[in-house]
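# Topology and contacts: notes
The primary structure of each chain is shown beneath.
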Amino acid sequence: MQNRYQWLTRAFRQPTHTLCYTGSVCAAVLAAAALFGCASVSSAPDQISRQPFGQTKEGTPIDLFTLRNANGAEARICNYGGLVISLKVPDRSGKLGDVVLGYDNLADYIKETPYFGALIGRYGNRIAKGQFTLDGRQYTLATNNYPNSLHGGVQGFDKVVWLPTVVPSAEGPALKLQHLSHDGEEGYPANLSVTVIYTLTGDNALKVEYTAATDRNTVVNLTQHSYFNLAGKGAILDHVVMIGADKFTPVDSTLIPTGELRPVDGTPFDFRKPTAIGARINQDDEQLKFGKGYDHNWVINKPMGQLGLMARVYEPTSGRVLEVLSTEPGLQFYSGNFLDGTLKGKGGWVYQFRNGFCMEPQHYPDSPNRPEFPSVVLKPGDTYHNTILFKFSVQK
Ligand code: GLA
């Protein structure tokens, strides 16, 4: 493991520069690219460019990668936190618009962020009272969302510098990010090596593929925390949501599941038929009060490990549609209830209450303390896999 880390560190010391990657061009074009540099492939169907994006507090330079597909859809991702900085997809008239919340520059992300666009780990969502027991030993984590631990702790995967590599993919421009999380980091056991591949596919999906391996038993629950607003402005209450789940996991007042798998039937949590987010969000319901809106895990109606549709979101004014597909068993749908007008984001947009929503495919919250939930234990020799697709289209 130490050798692998040294390799990761060495490889990261590559100079910052601009490059182009062509995903599906012939050898002649590649040869031309080699001869003439980026400019010669600017008309290639898929490409990635790389540019400096500031530095961390410790002075580590961070790069911003721009992935563009043949349709002109564009994702900008940086290797600090694996943050999706912007995601431009067409509306029903073909006009590109940015559908994710965030900031214009790295310094703002480092200063304060509610996980805008971030990779989340080692454990997405909450672990009750920051404690769990594994193989008879108790582990204590930071209670950074008092009284619980949230999203991997104080220095979760959203705040680490990932090793970036542009990789070939037949599906579209692809960026690989790697991180070795040390034994004891944020209180978690084992050295965990994590790889995430972001691909902007030809059919306008941002695909996020996670793999991870460990050197002893540990717990893992990785997800992606982009805040979407398919209109690119305003509240998200008119977005129409479908979630393919007959049950959800109700929570206590600190957003820890009670253990019950409760049928959604007859509750404001029933999104089996497409329903506007705002239609029932202010109902007099204890669960909605605990979450200040939707901030819950739905138990998705599909076999775990099988890539399938979890949710579909339609925004009527733009016609944009987001489909969320994943291999995970649960989906945290969060309606941006902690946004409160204190953060000024991209282009001066002050993010107000419920201006963005997250769809976080993951295992259920607090699973390490819930043996009845699908297991989050990863053992040496096994590989953790998790694939998420945020797929965009339009409805006329
Ligand atoms: C997750 C949680 C929310 C909130 C956000 C970040 O989605 O479930 O409760 O903590 O992250 O603000």
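Now for a description of the structure that goes with this document. Since the structure is predicted, the reported quantities are computational estimates derived from the model, not experimental observations. (Residues numbered from 1 in each chain as written. Predicted model: local features only at pLDDT ≥ 70, side-chain atom pairs only at ≥ 80, totals over all residues. Heavy atoms only, no water.)

### Details of the side chain of Thr-56
Worth spelling out the cut-off: Numbered from the N terminus, helices here are DSSP runs of H or I no shorter than four residues, and strands are runs of E no shorter than two. Exposed residues in this analysis have more than 50% of their type's maximum accessible area, buried residues have under 20%, and partly exposed residues fall in between, with area computed by a 1.4 Å probe over protein chains only. The criterion used for residue contact is that any of the two residues' heavy atoms lie within 4.5 Å.
Residue position: Thr-56 is located in the loop between strand S1 (47-55) and strand S2 (61-68). In this structure Thr-56 comes out as buried when scored by relative accessible area, which is 5%. Not counting residues up to four positions away in its chain, the partners in contact with Thr-56 are Ile-62, Tyr-80, Leu-106, Ile-110 and Val-161.

### Points about the site of the ligand
Where we set the bar: Here, proximity means that at least one heavy atom of the residue falls within 4 Å of the molecule or strand. Polar contacts, as used here, are pairs of N or O atoms within 3.5 Å; protein pairs need one atom able to donate a hydrogen and one able to accept it. Residues neighboring in sequence count only if both atoms are side-chain atoms. Every accessible area reported is derived by Shrake-Rupley at a probe size of 1.4 Å, with residue values counting cover from the shown protein chains alone.
The full set close to the ligand counts 13 residues, and Arg-126, His-151, His-225, Asp-295 and Glu-360 are the nearest of them. One of the side-chain nitrogen or oxygen atoms of Gln-332 is found 3.3 Å away from an oxygen atom of the ligand. Side-chain polar atom of Glu-360 to an oxygen atom of the ligand: 2.7 Å apart, as the coordinates give it. The fraction of the free accessible surface of the ligand (300 Å²) that becomes covered by protein chains is 95%.

### Things to note about the nonpolar core
Put simply, the test is: Side-chain atoms within 4.5 Å link the members of a nonpolar core, which is a set of buried Ala, Val, Leu, Ile, Met, Phe, Trp, Tyr and Cys residues.
Among the nonpolar cores identified, the biggest contains 58 residues, and Ile-243, Trp-298 and Phe-333 are the most heavily contacted of them. At five residues, the largest contribution of residues to this core is made by strand S13 (residues 192-200). The residues contacting Phe-333, other than those within four sequence positions of it, are Val-241, Ile-243, Phe-271, Ile-277, Tyr-294, Asp-295, His-296, Trp-298, Phe-357, Cys-358 and Met-359. Membership of the second largest hydrophobic core comes to 24 residues, among which are Leu-101, Leu-106, Leu-150 and Cys-358.

### A short note on the pairing of strand S8 (residues 131-134)
Our working definition: Should DSSP find at least two bridges between two strands, the strands are regarded as paired.
Only one face of S8 is covered, namely the face carrying Phe-132 and Leu-134; the face carrying Gln-131 and Thr-133 is uncovered. Looking at chain direction, S8 and strand S9 (residues 137-140) are connected through four bridges and run antiparallel. The residue of S9 that forms the bridge with Gln-131 is Thr-140. What sits between S8 and S9 in their antiparallel hairpin is a turn of two residues, with Asp-135 showing a positive phi close to 50°.

### Describing the sheet that holds strand S19 (residues 262-263)
Ordered in space as S19-S18-S21-S24-S27, the five strands form an open sheet in which the pairing is antiparallel. Each of the sheet's edge strands pairs with one partner strand only, and the pair in question is S19 and strand S27 (358-362).

### Regarding unusual backbone geometry
Geometrically, the link from Gly-121 to Arg-122 is a cis peptide bond, its omega value of 0° lying close to zero. Looking at the secondary structure, you find Arg-122 in the loop between strand S6 (118-120) and strand S7 (126-127). With an omega of 5°, the peptide bond between Tyr-146 and Pro-147 qualifies as cis. Note that Pro-147 resides in the loop between S9 and strand S10 (149-150). One non-glycine residue, Asn-125, lies in the positive phi region at around 80°.

### A short note on the side chain of Thr-249
Tracing the sequence through the fold places Thr-249 in strand S18 (residues 245-249). Here Thr-249 falls in the buried class, since its relative accessible area comes to 1%. With residues up to four places along the chain from it excluded, the contact list for Thr-249 reads Pro-257, Glu-260, Leu-261, His-296, Asn-297, Val-299, Tyr-364, Pro-365 and Phe-373.

### Quick notes on the sheet that holds strand S11 (residues 163-167)
As summarised here, the arrangement of the nine strands in space is S11-S12-S13-S14-S29-S23-S22-S17-S20, forming an open sheet in which the pairing is antiparallel. Strands with a single pairing partner mark the edges of an open sheet, and in this sheet they are S11 and strand S20 (275-276). When strand S12 (residues 174-181) meets S13, the two strands line up antiparallel, connected through eight bridges. The residue of S13 that forms the bridge with Leu-177 is Val-196.

### Considerations on the pattern of salt bridges
Formally: Salt bridges are identified by distance alone: a Lys or Arg side-chain nitrogen within 4 Å of an Asp or Glu carboxyl oxygen.
A complete count under the given rule lists 16 salt bridges for this structure. The salt bridge involving Glu-74 is made with Arg-68; its shortest N-O contact spans 2.8 Å. The class for Glu-74 is buried, based on a relative accessible area of 11%. Accessibility expressed as a relative area gives 32% for Arg-68, which makes it partly exposed. A salt bridge links Lys-346 to Asp-98; the nearest nitrogen and oxygen atoms lie 2.7 Å apart. Taken together, the positions of Lys-346 in the loop between strand S25 (343-344) and strand S26 (350-351) and Asp-98 in strand S5 (residues 96-98) put the pair 248 residues apart, joining distant regions of the chain. Residues participating in the shared-partner salt-bridge network are Asp-246, Asp-265, Asp-270 and Arg-272.

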